[in-house]
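Architecture at a glance
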Amino acid sequence: MASVAKPKAGEGGAKLEWRALLHWLAEDGLIDAAQVRHTESRFAAGQSALHPLVRLANAGLVRASGNRPLDLESLTEWLAGRLKLPYTRIDPLKVDVGRVADVMSASYAEARRCLPIQVGLTDVTIATAEPLDTSWVPQIESHTRKRVKLVLANPLEITRFTTEFFTLARSVRAATKSGEINQPASFEQLVELGRSNRQLDANDQGVVQVVDWLWQYAFDQRASDIHLEPRREMGVIRFRIDGVLHTVYQLPPSVMSAMTSRIKLLGRMDVVEKRRPLDGRIKTRNPAGEEVEMRLSTLPTAFGEKMVMRIFDPDTAVKDLSQLGFSGHDAERWNRLTARPHGIILVTGPTGSGKTSTLYSTLKRLATDEVNVCTVEDPIEMIEPAFNQTQVQAAIDFNFAEGLRALMRQDPDIIMVGEIRDLETAEMAIQASLTGHLVFSTLHTNDSASAITRMVDLGVPNYLIDATVIGVLAQRLVRTLCPACKEPDPDVTRESLNEMLKPWRLNGGVKPYRPVGCLDCRNTGYRGRAGLYELLMLTDSVRKHLHPDTDMTALRRQAVQEGLRPLRLAGAMKVAEGLTTMDEVLRSTPTWEA
């Protein structure tokens, strides 16, 4: 067991006391005698149920040197150092919630103000808010047959997560007990004798509670996608946060199957149909009370239905270009381009590169009372009242081309086509542009210039591309450095960036940072993402390079002279600003070929 400062004789179960903490702070030089006297006079009058650290944090104490406030986190960290205990901040994504209840009961944890946060093969790590009370440790070591390692954590975090973790564990246990134990139908059938065959109801209260927890938890953790993945032994829940997947929880297959059925029911999907992929959508509210759109997708796998829920940020459509990551240079050029009365504007990039966010925020800005904005999408990503949105229906042969053909009779001013996938859709987009409409669409290409090649590959003649396409925006998303823990990176200089960027050169100041890792960013060093943009505007001089034997290298060089900044250069500029790292940029952007 980790060593702690020994309490006085006979105080094996001693509790922290605000007066002792106050004098320890003075002994360590964090506060002066005047603050001690003032706080004692304030607290002497009455009792409080608040934890002593919380009470002192609320008292407005400030450091004797530097005059900085002593908040709860800094007080907890100070106390950990004084008692020679490891200090930790609880990351709920790193806690195996399913095993918390195996170590101790909820009432036991609440009574002793402690919470198991990690269960290993030979030891169990327990966060405590009462480090002087170690009388219960032998009981837990005897019960678990593991060595207890104590760490000190924020008492409010312990209280909050004790409620959340044990409530979830209780709901999962209740759902498991009320349903079948064996796996749902899977590719590999496993015959187990003596098991109950009763199906777990999607409306079972335990299942309802677990689904509600899942969504609220995902919103709280800033997840962009929720994955429910059936496996042979246990189902796995994973969240995608800042582009990286994190395992959150493991569930019995029967509970995961019931959760999937519950979500399909709420998304108005066919609950019985499990043999083919299905799509649906749900609108709910996040903890802040904002409406959140979730797109649902199921896929049959060897061990049951896999479900992915894509969560759309309610603020996406109202973000301005700087919030999306546009530089001032590209924002001005993009605004000029989207103000044109007609033509085709293409947005390119791989799946998950932020194309939808760019299009929705741009269309939202253009959708005034004077214009009619219509979209045809597959599927509709987010419901936006300012647009007239149409869903592609493959089952009745209503594809993008048919949707565009119908929109042309709806007196549109601005049209957004979800994706140009074939020649028929490309021809309809071109026809819409030639008849005086501004058309937005997406393609999957590596960079902006490659979109021209892709249109040619689809069968569009060069002269029609010349006549209609007015701009191509290529984009990527890179993780941004966590502002709470990033530190200057002396290894990156303007010279090293310029060497990597050849033939490009950066001018101006360079303030590179490197990732460190803290609880705010889950020790990744990154928090949030920003866009990198490469805008190719088809000016008259660029169009001269559009012919049957188009030289893409010459076209790129001419575009650069017209103001194009490659994705890699856009990334390097964000490195110079201290927003991301060169490793992120190199991982996310293609090599510039010119």
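Residues numbered from 1 in each chain as written. Predicted model: local features only at pLDDT ≥ 70, side-chain atom pairs only at ≥ 80, totals over all residues. Heavy atoms only, no water.

1. Brief notes about the UniProt feature "domain: Bacterial type II secretion system protein E" (unreviewed entry) in the chain
On the UniProt side, "domain: Bacterial type II secretion system protein E" (unreviewed entry) is annotated at positions that read residues 408-422 here. Helix makes up 0% of residues 408-422 and strand 27%. Its end C-alpha atoms lie 18 Å apart. (UniProt positions renumbered as here; feature names shortened; annotations may be inferred. Helix = DSSP H or I, 4+ residues; strand = E, 2+ residues; numbered from the N terminus.)

2. A word on the nonpolar core
The biggest cluster of nonpolar side chains holds 90 residues, and the ones touching the most others in it are M104, I126, I226, L228, I237, F239 and M259. Excluding residues that lie within four positions of it along the chain, F239 makes contacts with L93, L214, Y217, A218, Q221, A223, D225, I226, V244, L245, H246 and V248. Of all hydrophobic cores here, the second largest spans 49 residues; its members include L346, A429, V439 and L538. (Core = buried A, V, L, I, M, F, W, Y, C linked by side-chain atoms within 4.5 Å. Buried < 20%, exposed > 50% of the residue type's maximum accessible area, 1.4 Å probe, protein only. Contact = heavy atoms within 4.5 Å.)

3. Focus: the domain arrangement of the chain
Once the domains are mapped, the chain shows domain 1 (18-83), domain 2 (97-164), domain 3 (222-313) and domain 4 (317-479 + 529-566). Look at where the C-alpha atoms of domain 3 and domain 4 centre, and you get two points 30 Å apart. When domain 3 packs against domain 4, close to 910 Å² is buried across both sides, 50% of that on carbon and sulfur atoms. Along the contact surface separating domain 3 from domain 4 lie zero salt bridges. Of the residues belonging to the side of domain 3 that touches domain 4, the class tally is two nonpolar, two polar and five charged. (Domains from an automatic or database assignment. Buried area = accessible area lost by both parts, 1.4 Å probe. Salt bridge = Lys/Arg side-chain N within 4 Å of Asp/Glu carboxyl O. Nonpolar A, V, L, I, M, F, W, Y, C, P; charged D, E, K, R; others polar.)

4. Looking at the pattern of salt bridges
Scanning all chains against the criterion turns up 35 salt bridges. Between R336 and E332 there is a salt bridge, with its nearest N and O atoms 2.9 Å apart. Note that R336 and E332 are positioned in helix α12 (residues 328-338) at a spacing of four residues, about one turn of the helix. Given a relative accessible area of 46%, R336 falls into the partly exposed group. A salt bridge links R543 to D466, with the nearest nitrogen and oxygen atoms 3.5 Å apart. One end of the pair, R543, is in helix α19 (residues 540-543); the other, D466, is in helix α17 (residues 462-468), with 77 residues separating them in the sequence.

5. Some remarks on the pairing of strand β18 (residues 526-537)
Successive residues of a regular strand alternate their side chains across the two faces of the sheet. A large share of β18 lies buried, amounting to ten of its twelve residues. One ladder, built from ten bridges, connects strand β15 (residues 469-481) with β18; its direction is antiparallel. Directly across from L477, in β18, lies its bridge partner G531. (Pairing = 2+ DSSP bridges.)

6. Structural notes on the pairing of strand β5 (residues 235-241)
The element β5 is extensively covered by neighbouring structure, given that five of its seven residues are classed as buried. Direction of pairing for strand β4 (residues 225-229) relative to β5: antiparallel, over a ladder of five bridges. What sits directly across from H227, in β5, is R238. Between β4 and β5, which pair antiparallel one after the other, the connecting turn spans five residues.

7. As for the packing of helix α1 (residues 18-27) against helix α4 (residues 72-82)
Running from amino to carboxyl end, α1 crosses α4 at an angle of 80°, the nearest separation of the two axes being 12 Å. It follows that α1 is roughly perpendicular to α4 by the angle criterion. Each of L21, W24, L25 and E27 in α1 lies in contact with α4, whose residues at this interface are L75, W78, L79 and R82. Considered class by class, the residues forming the contact of α1 with α4 number six nonpolar, no polar and two charged. (Axes fitted to C-alpha atoms, helices over the stretch in contact; angles between N-to-C directions. Parallel < 35°, antiparallel > 145°, perpendicular 65-115°, else oblique.)

8. Thoughts on helix α16 (residues 450-458)
All of the buried residues in α16 are A451, I452, M455 and L458. Projected down its long axis, α16 carries its buried residues within an arc of 120°, all on one side. On its buried face, α16 is in contact with β10 (343-348), α15 (423-434), β14 (438-443), α17, β15 and α20 (552-561). Among the residues trailing α16, G459 stands out with phi positive, at a value near 110°. (Arc of directions from axis to C-beta.)

9. Brief notes about the sheet that holds β15
Pairing is mixed in the open sheet, where seven strands are placed in the order β12-β11-β13-β14-β10-β15-β18. Edge positions in the open sheet fall to β12 (388-391) and β18, since each of these has one partner strand only. The average angle at which neighbouring strand axes cross in this sheet is 20°, direction not considered. As paired strands, β10 and β15 are joined by five bridges and run parallel to one another. In the sheet register, I345 faces β15, and the bridge partner there is G471. In this fold helix α13 (residues 355-366) packs onto β10, β11 (373-377), β12, β13 (414-417), β14, β15 and β18, with an angle of close to 170° to the strand it touches most, β14.

10. Examining the sheet that holds strand β1 (residues 114-119)
Taken in spatial order, the three strands of this open sheet run β1-β2-β3, and their pairing is mixed. What marks the edges here is a single partner per strand, and that holds for β1 and β3 (147-152). The mean inter-strand angle of the sheet, taken between neighbouring strand axes irrespective of direction, is 30°. As judged from the six bridges shared by strand β2 (residues 123-128) and β3, these two strands associate in the parallel manner. From the neighbouring strand, I126 faces β3, where its bridge partner is L150. Most of the contacts of helix α7 (residues 137-144) go to β3, to which it runs at about 135°, and overall it touches β2 and β3.

11. A closer look at the confidence of the model for the chain
Mean pLDDT over the chain stands at 85; residues scoring 70 or higher make up 92%. Within the chain, helix α8 (residues 155-178) has the poorest average pLDDT of any element, 81, and β10 the best, 96. Residue range residues 1-11 is modelled with pLDDT below 50. Its contacts to residues more than four positions away, or to other chains, number 19 contacts. (pLDDT = per-residue confidence, 0-100.)

12. Thoughts on the side chain of E377
Within the element layout of this structure, E377 appears in strand β11. Buried charge without a salt bridge: E377, with R281 as the nearest opposite-charge side chain at an N-O distance of 7.3 Å. (Lys, Arg positive; Asp, Glu negative; His and termini not counted.)

13. Things to note about unusual backbone geometry
Its identity is not glycine, yet R222 carries a phi of approximately 65°, on the positive side. Relative to the assigned elements, R222 resides in the loop between α9 (205-220) and β4. Here R268, not a glycine, exhibits a phi torsion of approximately 55°, which is positive. In this fold, R268 is placed in the loop between α10 (253-266) and β7 (278-285). Residue classification places R268 among the exposed positions, given a relative accessible area of 81%.

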